[in-house]
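Structure at a glance
So you can see what is in the structure, the chains are spelled out below.
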Amino acid sequence: QVLLAEVGTLQLEFRYLSQHTGDPRYQEAVDKAMHSIVAASQGRGLVPYLLEGGAPRFANNKISMGAMGDTYYEYLLKMYIQTGKTEEE
């Protein structure tokens, strides 16, 4: 199982790595993870903070704006800013 916040931090770090090395592989890898979260969310805005590893589904139904969940939502905003406000998902 993986915490939603962990996926969020990797998004920023790997995208930054791709931007500065010119190698798109890092961003492509984390984009796959983000697409899995979007698919698992099934259109919901808020999502549970625990993911099943390897499968695009949530491991619980607990939504947290505190520990283990809040960081993910902060990273969504930071990703939007990092991509020049062009992030579509």
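Before reading on, note that the structure itself is shown above.
The present account deals with the structure reproduced in this document. Counting restarts for each chain, with residues numbered from 1 along the sequence as it is written. Local features in this predicted model are restricted to residues of pLDDT 70 or higher, and side-chain atom pairs are both shown and tallied only at a pLDDT of 80 or more, whereas totals for entire chains, interfaces and linings draw on every residue. To get the side-chain values, take all heavy atoms of the structure and skip hydrogens and water.

1. Some remarks on the pattern of salt bridges
As a reminder of what qualifies: Take a side-chain nitrogen of Lys or Arg and a carboxyl oxygen of Asp or Glu: if they are within 4 Å of each other, that pair is a salt bridge. Helix numbering and strand numbering both begin at the N terminus, where a helix is a DSSP run of H or I of at least 4 residues and a strand a DSSP run of E of at least 2. For every residue, the accessible area obtained with a 1.4 Å probe (protein chains only) is divided by the maximum for its type, and the residue is called buried under 20%, exposed over 50%, and partly exposed between those limits.
All told, the structure shown has 2 salt bridges when counted by the stated rule. Among the ionic pairs, arginine 15 bridges to aspartate 31, the shortest N-O distance being 2.8 Å. Of this pair, arginine 15 sits in helix 1 (residues 4-21) while aspartate 31 sits in helix 2 (residues 25-41); the two residues are 16 residues apart in sequence, bridging distant segments of the chain. Classification of arginine 15 by relative accessible area gives buried; the value is 2%.

2. Some thoughts on the packing of helix 1 against helix 3 (residues 70-82)
Selection criterion: In this description, a line fitted to the C-alpha atoms serves as the axis of each element, helices being fitted only across the stretch in contact, and the angle between N-to-C directions of two axes falls anywhere from 0 to 180 degrees. Roughly parallel refers to an angle under 35 degrees, roughly antiparallel to one over 145, roughly perpendicular to one between 65 and 115, and oblique to any angle outside these ranges. By convention the crossing between two helices is left-handed if the near helix lies anticlockwise of the far one by an angle smaller than a right angle, and right-handed if it lies clockwise. Here, two residues are considered to be in contact whenever any of their heavy atoms come within 4.5 Å of each other. The nonpolar class holds Ala, Val, Leu, Ile, Met, Phe, Trp, Tyr, Cys and Pro. Asp, Glu, Lys and Arg form the charged class, and all remaining residues, Gly among them, are polar.
For the pair helix 1 and helix 3, interaxial distance at closest approach is 7 Å and the crossing angle is 20 degrees. The pairing of helix 1 with helix 3 is recorded here as roughly parallel in orientation. Where helix 1 crosses over helix 3, the handedness of that crossing is left-handed. Each of Leu4, Ala5, Gly8, Thr9, Gln11, Leu12, Arg15, Tyr16 and Gln19 in helix 1 lies in contact with helix 3, whose residues at this interface are Thr71, Tyr72, Tyr73, Tyr75, Lys78, Met79 and Gln82. Across the contact of helix 1 with helix 3, the residue classes break down as 8 nonpolar, 6 polar and 2 charged.

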